[in-house]
Amino acid sequence: MNPSRIIKGIPVSRGLALGPVHVVRATPKVVPTWSVPGPEVEREIDRLQDAIEVVSDELRRRHGIVSAQSGRKDADIFSVHRLYLEDPVNRKRVVSTIRDTRVNAEAAVQELIEHFRRTYGSLGGENLRDFAADFSDPWRMVLDVLLKREREQVVAKGDAVILAAGELTPQVVTALERDRILAVITETGGRFSHGAVLARSLGVPCVVGLPNLLSRLEQGLRVAVDGERGTVQLRPQPGDVDQFLERLERRRTRERKLSIHATLPSVTPDGHAFGLMVNLEALQDFDTFDVEHTDGVGLLRTEFMYQERQEFPSEEEQYRLYRRVIERMHGRPVTLRTLDIGNDKQLSYFKTPEETNPALGWRGLRITLEWQDLLRVQLRAALRAGAHGRLSLLLPMVTSVEEVRAVRHIYGEVRAQLVEQGYDLGEVTPLGVMVEVPSALLVLPRILEEADFISVGTNDLVQYLLAVDRDNPKVAGLYDPQHPAVIWALGHVAELARGARKPSSVCGEMAGDYATALMLMGMGFDSVSVVPQMLPEVKYAVRETVLGEAQGIARSVLEQHTSAGVGRVLAQARDRLHRRQLATGAEPPPGLESEGKETF
Ligand code: PEP
Ligand code: MG
């Protein structure tokens, strides 16, 4: 048996998991590759033969249909494709790749397709390149069958698995139903990418940045994932498993203790109330936290509700959905963000054009101000739902005062129309602005005159301030929420909002780190909004820290010249909290114990 082995990566979402691996297709462009143990090589070759049979039958079927509809000549291409598929040279090449290099059938077929591309694709002339495409076509179909089969198999088996992939994308995180996913592990991916945001929001332990992960895995291999330390242990031995289960138990005990604090209000020992809200994406998120433990929804990302559908949800559907969220919060405020699609948040039924720089492209408010019907329908649904509780609206990707005014104008029209139609809308719904683009930061005094409140979207603000694409694994190491420029920006926003007497919040992921949340409280923000998973720790930290101490953290980080300096101040804040807990004999929150590290 191969020895156990630990691969070190980057922790993205907390939690521990132990179970079999299932390799998923990371993106449609990337074919997963994993090694196949010796005794299973023949089975892999059988999988290949079966897939070839399926494609061969399909080509025969298509030949029959086309030949009946438009004649033999048009149908000939399918016969040619079958010949390519049955060519013994091609088959032998794929089988040898599986046998000699012990890789899965998908990877071996992909190797053949690459071979066609290298051999014919580089030759001049359209015809030759078309020829390469023709050669590959039936093998691409084989690849599709293999990939689909694999997924069907795992879905049919019903086991819970640890999903492994090349890249961390929202598709990977949602490849199976939530309760079938024990953890997600990937070769690349940023801590603040949308895939990572989703993993945390769903409470799925996740580790990224695991070098050569897929080539070290076999389908079904047992691994232990540690979302606190950022490690993946391959083939854990019985002793490792015992230790792992012990830690899991300790973690559960700690979570139970933290949850006792969670029922109490988010107020410092000297009586300063610091709002602790939750970021939500779907109704299912309600299963992951207790409404009584929060001060409201600080960010309802509505785009994920649109993503689950086959077409744009109607006003009625949206109304029912928003109303359910509002009612489930039992009178606590709900901040509904208008549709923020574009970039990597795409809808299958609304294709935005391919863009060279999608993060700088057609997204968020830019789309809904151009396709105003989308905005009007959403506003109608939201305002109607708002009558059943406390609702605020939040605008994403605002870059100028004009945009805020444009939405206010539409909002005014929509409201007047609803009133005219006899709807009882209750109080006026506040309109807030997300500060996530540098221009909004720079004209913030003007925006504060127009907005009822602001919320800082640090996930995007960091990417735009530092010119680092949050979804590009190549530059993930440069994506740094502790950069002094980010810290300065946050201090500046808090100060301006205070001066303007407008409520301010931070809803980006970094607010979920309890030391950072304390820093934000010290800077003067009124609240933070975090993924449900982080609620207990942030609550705990707030309840243990007097306002003066938080202000001290804010002052110290603002004095730092480097990201390392900011990191040190936050680490000291964690340490102080830890020592206080030890002194009182209480359990420290996860991440404060000596074996663990802070989340971010
Ligand atoms: C943000 O940018 O910080 C944010 C909260 O929004 P999203 O992650 O959905 O872009
Ligand atoms: Mg954003």
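These numbers come from a predicted model, not from an experiment.

Engineer: Would you take a moment to explain the overall build of the protein for this structure?
Structural biologist: A count of helices and strands for the protein gives 22 helices and 16 strands. Its C-alpha radius of gyration of 27 Å places the protein within 12% of the 25 Å reference for a compact globule of 600 residues. Seen through its C-alpha atoms, the protein measures out along the principal axes to roughly 80 × 65 × 40 Å. When each of the 600 residues of the protein is scored for burial, the buried share is 55%. Taking contacts inside the protein between residues at least 6 apart in sequence as the whole, the part at least 24 apart equals 70%. Both charge centroids of the protein, one from 75 positive and one from 83 negative side chains, sit 2 Å from each other.

Engineer: How do you make sense of the nonpolar core when you look at a structure like this?
Structural biologist: The tendency in soluble globular proteins is for nonpolar side chains to be buried side by side. Among the nonpolar cores identified, the biggest contains 101 residues, and Leu490, Met523 and Phe525 are the most heavily contacted of them. Among the elements that line this core, the one with the most residues is helix 19 (residues 514-523), at eight residues. Setting aside anything within four residues of it in sequence, one finds Phe525 in contact with Phe274, Val456, Leu490, Val493, Ala494, Ser504, Ser505, Val506 and Leu520. Among the nonpolar cores identified, the runner-up in size contains 48 residues, and Val109, Phe135, Leu143 and Leu221 belong to it.

Engineer: Where do I start with the sheet that holds strand 10 (residues 297-301) in this structure?
Structural biologist: Strands pair in a sheet through their backbones, by hydrogen bonds, and they do so in one of two ways: parallel or antiparallel. Taken in spatial order, the eight strands close into a barrel running 9-10-11-12-13-14-15-16, and their pairing is parallel. Averaged over all pairs of adjacent strands, the angle between their axes in this sheet comes to 25°, without regard to strand direction. By the bridge criterion, three bridges tie strand 12 (residues 390-395) to strand 13 (residues 431-435) in an arrangement that is parallel. For Leu395, the partnering residue across the bridge sits in strand 13 and is Val433. Of the strands in this sheet, strand 11 (333-337) and strand 12 touch helix 13 (residues 372-386), which is tilted by about 155° from strand 12. Of the strands in this sheet, strand 13, strand 14 (453-456) and strand 15 (504-506) are in contact with helix 18 (residues 484-499), which crosses strand 14 at around 170°.

Engineer: Looking at this model, I keep getting lost on the coordination of the magnesium ion (ligand 2). Mind explaining?
Structural biologist: Each donor-metal-donor angle would ideally measure 109.5 degrees in four-coordinate tetrahedral geometry, or 90 or 180 degrees in six-coordinate octahedral geometry. Within the protein, Glu436 (OE) and Asp460 (OD) serve as the donor atoms for the magnesium ion (ligand 2), at 2.0 to 2.2 Å. Of this pair, Glu436 sits in the loop between strand 13 and helix 15 (438-442) while Asp460 sits in helix 17 (residues 458-466), and the two are 24 residues apart along the sequence.

Engineer: Explain the site of ligand 1 to me, please; I cannot follow it from the model alone.
Structural biologist: As a structural note, the neighbourhood of ligand 1 is formed by 15 residues, with Arg301, Arg337, Gly457, Asn459 and Arg470 the closest of them. Arg337 is positioned such that a nitrogen or oxygen atom in its side chain is 2.8 Å from an oxygen atom of ligand 1. Between ligand 1 and Arg470 there is a distance of 2.8 Å, counted from an oxygen atom to a side-chain nitrogen or oxygen. Contact with the protein chains hides 100% of the accessible area of ligand 1, taken as 290 Å² for the molecule alone. Listed by contribution, the elements that provide at least two residues to the shell around ligand 1 are strand 10 and helix 17.

Engineer: Where do I start with the sheet that holds strand 8 (residues 231-234) in this structure?
Structural biologist: Strands sit in the order 1-8-7-3-4-5-6-2 across an open sheet of eight strands; the sheet is mixed. Lying at the two open borders of the sheet, with one neighbouring strand each, are strand 1 (5-8) and strand 2 (10-13). Strand-to-strand twist across the sheet, computed as the mean angle between neighbouring axes with direction ignored, equals 30°. Where strand 1 lies against strand 8, four bridges are found, and the strand directions are antiparallel.

Engineer: Please clarify how the environment of Gly432 should be interpreted in this entry.
Structural biologist: Secondary-structure assignment places Gly432 in strand 13. Under the relative-accessibility criterion, Gly432 is labelled buried at 0%. Here the alpha-carbon distance between Gly432 and Leu394, two residues 38 residues apart in the chain, equals 4.6 Å. When residues no more than four places from it in sequence are discounted, the contact partners of Gly432 are Leu393, Leu394, Leu395 and Phe453.

Engineer: Would you take a moment to explain the packing of helix 11 (residues 315-328) against helix 13 for this structure?
Structural biologist: For any two helices packed against each other, one specifies the inter-axial angle together with the distance between the axes. Where helix 11 meets helix 13, the axes come as close as 8 Å, and the angle between the chain directions of the two elements is 40°. Between helix 11 and helix 13, the interaxial angle falls into the category oblique. The way helix 11 lies across helix 13 gives a crossing that is right-handed. Every residue of helix 13 that contacts helix 11 at Glu315, Glu316, Gln318, Tyr319, Tyr322, Arg323 and Ile326 is listed here: Val377, Gln378, Arg380, Ala381, Ala382, Arg384, Ala385 and Gly386. Within the contact of helix 11 with helix 13, the residues separate by chemical class into seven nonpolar, three polar and five charged.

Engineer: Hey, could you run me through the packing of helix 19 against helix 20 (residues 535-543) in this one?
Structural biologist: Relative orientation of the contacting elements helix 19 and helix 20 amounts to 50°, with a least axis distance of 9 Å. As the angle between them shows, helix 19 and helix 20 are arranged oblique. Where helix 19 crosses over helix 20, the two elements pack in a sense that is right-handed. Side by side, helix 19 and helix 20 meet where Tyr514, Ala517, Leu518 and Met521 of the first sit next to Glu537, Val538, Ala541 and Val542 of the second. Along the lines of polarity and charge, the residues of the contact of helix 19 with helix 20 split into seven nonpolar, no polar and one charged.

Definitions and cut-offs
Residues numbered from 1 in each chain as written. Chains lettered and ligands numbered in written order. Predicted model: local features only at pLDDT ≥ 70, side-chain atom pairs only at ≥ 80, totals over all residues. Heavy atoms only, no water. Helix = DSSP H or I, 4+ residues; strand = E, 2+ residues; numbered from the N terminus. Rg over C-alpha atoms; globule rule 2.2 N^0.38 Å. Buried < 20%, exposed > 50% of the residue type's maximum accessible area, 1.4 Å probe, protein only. Contact = heavy atoms within 4.5 Å. Lys, Arg positive; Asp, Glu negative; His and termini not counted. Charge placed at Lys NZ, Arg CZ, Asp CG, Glu CD. Core = buried A, V, L, I, M, F, W, Y, C linked by side-chain atoms within 4.5 Å. Pairing = 2+ DSSP bridges. Axes fitted to C-alpha atoms, helices over the stretch in contact; angles between N-to-C directions. Donors = N, O, S within 2.8 Å, 3.2 Å for Na, K, Ca; no water. Near = heavy atom within 4 Å. Polar contact = N/O pair within 3.5 Å; in protein donor to acceptor, adjacent residues only side chain to side chain. Areas by Shrake-Rupley, 256 points an atom, 1.4 Å probe, with all protein chains shown as cover. Parallel < 35°, antiparallel > 145°, perpendicular 65-115°, else oblique. Left-handed = near helix turned anticlockwise from the far one by under 90°. Nonpolar A, V, L, I, M, F, W, Y, C, P; charged D, E, K, R; others polar.

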